[in-house]
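# Structure assessment
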Amino acid sequence: MCGICACIGNLNAVKYVLDGLKILEYRGYDSAGISYIENKELKTIKSVGEICNLEKKVKGIFSNVAIGHTRWATHGSVTEDNAHPHLSFNKGIAIVHNGIVENYKDLKDKLNNVKWHSQTDTEVFVNLVAEKEGDLLEKLINASKEISGSFAVALLDKDGNIVFGKRESPLYIAHINNGVMAVSDTYVLCDLAEDFYTLNDNEFAKINGNGIFFYDKNGKKIIKNKEKMQNFNKNNEIFEKTHMKSEILETKKVLIETFKNYKNELLFSSIKLPKKFEEIELIACGTAYHSALQGAEYFKKIGIPSHAYIASEFRYGNEILNKNALYIFVSQSGETADTIACAKMLKEKNMTCLALTNTPNSYLNKICENVLPTFAGKEIAVASTKAYSCQVFVLYLFSLYLSGKFKESEKEILDFLKNFPLLDINNGLVDKISNFEKIFFIGRGQDYITALEGSLKLKEITYINSFAIASGELKHGTLALIDKKSIVIAICTEEKIKEKLFSNIEEVKAREGSVLLISNFPSSFESLILPTFPTALMPIISIIPLQFLALHMCEKLGYNPDKPKNLAKSVTVE
Ligand code: F6R
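Just so it is clear, the model here is predicted, and its values are computed rather than measured. (Residues numbered from 1 in each chain as written. Predicted model: local features only at pLDDT ≥ 70, side-chain atom pairs only at ≥ 80, totals over all residues. Heavy atoms only, no water.)

Take the nonpolar core next. Core analysis: the largest hydrophobic core is formed by 81 residues, its most contacted members being Leu282, Ile328, Leu372, Phe393, Leu397, Phe416 and Phe441. Structurally, this core is a two-domain feature, drawing no fewer than three residues from each of domain 2 (243-418) and domain 3 (427-556). Excluding its chain neighbours within four sequence positions, the residues that come into contact with Leu282 are Ala292, Gly295, Ala296, Phe299, Ser306, His307, Ala308, Tyr309, Ile328, Val330 and Leu395. Formed by 49 residues, the second largest nonpolar core is a distinct cluster that contains Leu11, Ala66, Ala325 and Met351. (Core = buried A, V, L, I, M, F, W, Y, C linked by side-chain atoms within 4.5 Å. Buried < 20%, exposed > 50% of the residue type's maximum accessible area, 1.4 Å probe, protein only. Domains from an automatic or database assignment. Contact = heavy atoms within 4.5 Å.)

Okay, structure coming up:
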């Protein structure tokens, strides 16, 4: 959350930073700002809302040094005062920050001579830096010793020096044509650089006309190795009005691409499993957690004990670790703070870790010794769609590989991909569902997981309160909510639980609730019929109409599905 960008060189750094912020906007779009040097003066321009508002204000400005920020509000409401960059009390230093200063209240009390202009933790950071001795880098290193929490920061002083520091939040630096750039995400650098440096925790850097210089937490110069830039597969070829729509429509193509890359089993055979392999534990957040749940189902089906955990719960929970387990971290971005924290924690304890990500160069990939990529191409809309489908698919393929059934399933998979149905939901149904006050999603087994994901999609882009429940649980409490103002969207793709689910639907109808069944089994209920494929693959099909449902309801309400309020695509704070 929050994106930072800095640039120096024989170029218009303001333009490079602005272009970088546009790419980073998925990390937050509450406000944005840029600091730069003009006529030897440190100047700052900020605006509330999307980057396009800032763009209008900085039009025509030229400077060869600049830092910028796009904000997802943590401390302080969405105002221009709270927008970054923040300035030190003497107006000599500007800072942009991604992360959270956890002890900012204590530090604020200590800095009692400062007149505050914002409610942010970041303004405390820059003032702490300003009161330290030495050059800008020394000041930053000394100040960071007193900071608890996470940060990726870029600081610019009035002499045009730019320095960086990092703890937990990501930061990458690269030489570009005629200059140097530092950013929160290698997305920005993909088309500008062939290689890049990753700043590790408690490392610092300085950039100037002569290059990039790295330092450890004691200010000692260090040498770092460059990493090769890995690009995304060019899968973003469908251009609809919104990224979310394009991305759902790209699902079939990216599943095919993913299979192409796994077909020879090489990516699986290179995985280093624990010596005595006993179980698979999956850890993730949000939508990725739902694919982790599907993954756990696949592994259990082939006889491997498996569980999925929410990263923020696992991190502070009392889970018993197993040296003989494979720990899989599922993440589209590979930058999610809680997921990364779990991976780091387990790596430190010498567990076997695997990153299942959609983002080449991601931090999670670096932490884990094993990586399974998804080939979904860039996913820009905040709500994850095609990446979810690819995660579930790769977990399924992995379960086939582990059970030794990969080759024999190839024909079945090719048939599934060839006939993959992108089932939309028609306007009549969308209108009908929109009329209900309460929307529930139900299912059993794998369909319950799809219900969870369908409900999350609806909530995050329509702001309609809905929730998912395992249908067998309805009568243990939630049935009390069902009345004629309710619609229940039931998903059913497993023969073995079909009759049970149908009975649950009858219970809903008996309370005057309406029902829409999404299923490949015929019934007398109002239904959206799915084609039949092998049961394990059905969740990849049944989620599509639910993604479309959320999208159409969002469009009907006049919201932008790509940038839902209060959210950001990469959640880089706890
Ligand atoms: C919802 C959504 C989020 C992410 C979650 C984890 O549509 O996209 O719930 O799934 O924030 O993000 P990643 O997968 O990047 O770790």
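With that settled, the discussion passes to the site of the ligand. Taken together, 14 residues lie near the ligand, and Ser331, Gln332, Ser333, Thr336 and Glu460 sit nearest. A distance of 2.7 Å is found between an oxygen atom of the ligand and a backbone nitrogen or oxygen belonging to Gln332. The backbone of Ser384 places a nitrogen or oxygen atom 2.9 Å from an oxygen atom of the ligand. If the ligand stood free it would expose 400 Å²; the protein chains cover 90% of that surface. The set of elements that each furnish at least two residues to the shell around the ligand consists of α9 (286-301) and α16 (446-462). (Near = heavy atom within 4 Å. Polar contact = N/O pair within 3.5 Å; in protein donor to acceptor, adjacent residues only side chain to side chain. Areas by Shrake-Rupley, 256 points an atom, 1.4 Å probe, with all protein chains shown as cover. Helix = DSSP H or I, 4+ residues; strand = E, 2+ residues; numbered from the N terminus.)

This paragraph deals with the domain arrangement of the protein chain. When its domains are assigned, the protein chain resolves into domain 1 (3-228), domain 2 (243-418) and domain 3 (427-556). Spacing between the C-alpha centres of domain 1 and domain 3 amounts to 45 Å.

Here we take up the sheet that holds strand β18 (residues 325-331). Strands in a sheet are paired, the pairing made by backbone hydrogen bonds, and the direction either parallel or antiparallel. Strand order in the open sheet made by the five strands is β17-β16-β18-β19-β20, with parallel pairing throughout. The open sheet terminates on both sides in strands that have one partner only, identified here as β17 (306-310) and β20 (370-373). Each adjacent strand pair in this sheet contributes to an overall mean axis angle of 20°, direction not counted. Along the sheet face, helix α11 (residues 337-348) touches β16 (279-284), β18 and β19 (352-357) and points at about 160° away from the line of β18. (Pairing = 2+ DSSP bridges. Axes fitted to C-alpha atoms, helices over the stretch in contact; angles between N-to-C directions.)

So, about the packing of helix α13 (residues 386-402) against helix α14 (residues 406-418). Put simply, α13 and α14 touch, their axes get as near as 10 Å, and they point 155° apart. Here α13 lies roughly antiparallel to α14, going by the angle between them. Every pair of crossing elements has a handedness; the one defined by α13 and α14 is right-handed. From α13, Phe393, Tyr396, Leu397, Leu400 and Tyr401 reach across to α14, where they touch Phe406, Ser409, Glu412, Ile413, Phe416 and Leu417. (Parallel < 35°, antiparallel > 145°, perpendicular 65-115°, else oblique. Left-handed = near helix turned anticlockwise from the far one by under 90°.)

Further remarks concern the environment of Leu395. Within the secondary structure, Leu395 sits in helix α13. Between the alpha carbons of Leu395 and Asp109 there is a distance of 50 Å; along the sequence they are 286 residues apart. Setting aside residues up to four positions removed in sequence, Leu395 forms contacts with Leu282, Ser291, Ala292, Gly295, Tyr298, Phe299, Ile328 and Leu356.

A separate point is the packing of aromatic side chains. One pass over the full model with this rule turns up 21 aromatic pairs. Seen in terms of ring centroids, Phe268 and Tyr401 are 5.3 Å apart; in terms of plane orientation they differ by 25°. Their pairing is stacked. With a gap of 133 residues between them, Phe268 in helix α8 (residues 266-269) and Tyr401 in helix α13 connect regions that are remote in the sequence. You can call Phe268 buried: its relative accessible area is 1%. When its relative accessible area of 24% is taken as the criterion, Tyr401 is described as partly exposed. These aromatic residues form a ring-pair network of at least three members: Phe259, Tyr262, Phe268, Phe299, Phe375, Phe393, Phe398, Tyr401, Phe406, Phe416, Phe420 and Phe533. (Phe/Tyr/Trp six-rings, centres within 6.5 Å; stacked < 30°, edge-to-face > 60°.)

Okay, the environment of Val58 next. Mapping Val58 onto the fold places it in helix α2 (residues 51-58). Remark: the alpha-carbon pair of Val58 and Gly33, spanning 25 residues in sequence, is separated by 9.4 Å. Contact partners of Val58, with chain neighbours within four places excluded, come to Val14, Leu18 and Ile45.

Turning to the pairing of strand β13 (residues 211-215), a few remarks are in order. Counting buried positions along β13 yields four of five residues, so the element is predominantly enclosed. Across five bridges, strand β12 (residues 203-208) lies against β13 in antiparallel orientation. What sits directly across from Phe204, in β13, is Tyr215. Hairpin connection of β12 to β13: two residues between the antiparallel strands. Both β13 and strand β14 (residues 221-222) contribute to a ladder of two bridges, which runs antiparallel. Paired with Phe214 across the bridge in β14 is Ile222. Here β13 hands over to β14 after five residues, with Gly219 in that stretch at a positive phi of 85°.

Bringing the packing of helix α15 (residues 427-434) against helix α18 (residues 538-556) into the picture now. One can describe the packing of α15 onto α18 by two numbers: an axis separation of 10 Å at closest approach and a directional angle of 70°. One element, α15, and the other, α18, form an angle in the roughly perpendicular class. Touching Val430, Asp431, Ile433 and Ser434 of α15 are Leu549, His552, Met553 and Lys556, all from α18. Looking at the contact of α15 with α18 residue by residue, the class counts come to four nonpolar, two polar and two charged. (Nonpolar A, V, L, I, M, F, W, Y, C, P; charged D, E, K, R; others polar.)

Here the focus is the pairing of strand β11 (residues 195-198). For a regular strand, side chains alternate in direction, first toward one face of the sheet and then toward the other. Bridge count between strand β9 (residues 172-176) and β11: two bridges; the pairing is antiparallel. Along β11, the bridge assignment pairs Ile173 with Tyr197. As paired elements, β11 and strand β15 (residues 227-228) share two bridges and run antiparallel to each other. Paired with Asp195 across the strands is Lys228, a residue of β15.

Looking at where Gln446 falls in the secondary structure, it is placed in helix α16. Residue class for Gln446 comes out buried when judged on its relative accessible area of 2%. Side-chain polar atoms of Gln446 contact the side chain of Thr493, separated by 3.0 Å. Discounting residues that sit within four places of it in the chain, Gln446 has contacts with Gln294, Lys301, Thr493, Glu494, Thr535, Ala536, Met538 and Pro539.

So, on to the sheet that holds strand β5 (residues 86-87). With respect to topology, seven strands assemble into an open sheet ordered β5-β6-β7-β8-β12-β13-β14, the strand pairing being antiparallel. Here the strands that pair on one side only, and so sit at the sheet edges, are β5 and β14. Where β5 and strand β6 (residues 93-101) come together, two bridges link them in antiparallel fashion. Bridge assignment links His86 to a residue of β6, and that residue is Ile95. Sheet strands in contact with helix α4 (residues 121-130) are β5, β6 and β7 (149-157), and its direction is about 125° off that of β6.

Turning to the environment of Thr287, a few remarks are in order. Within the secondary structure, Thr287 is located in helix α9. Judged by relative accessible area, Thr287 falls into the buried class, the value being 10%. Distance in space between the C-alpha atoms of Thr287 and Ser486 is 25 Å, their sequence separation being 199 residues.

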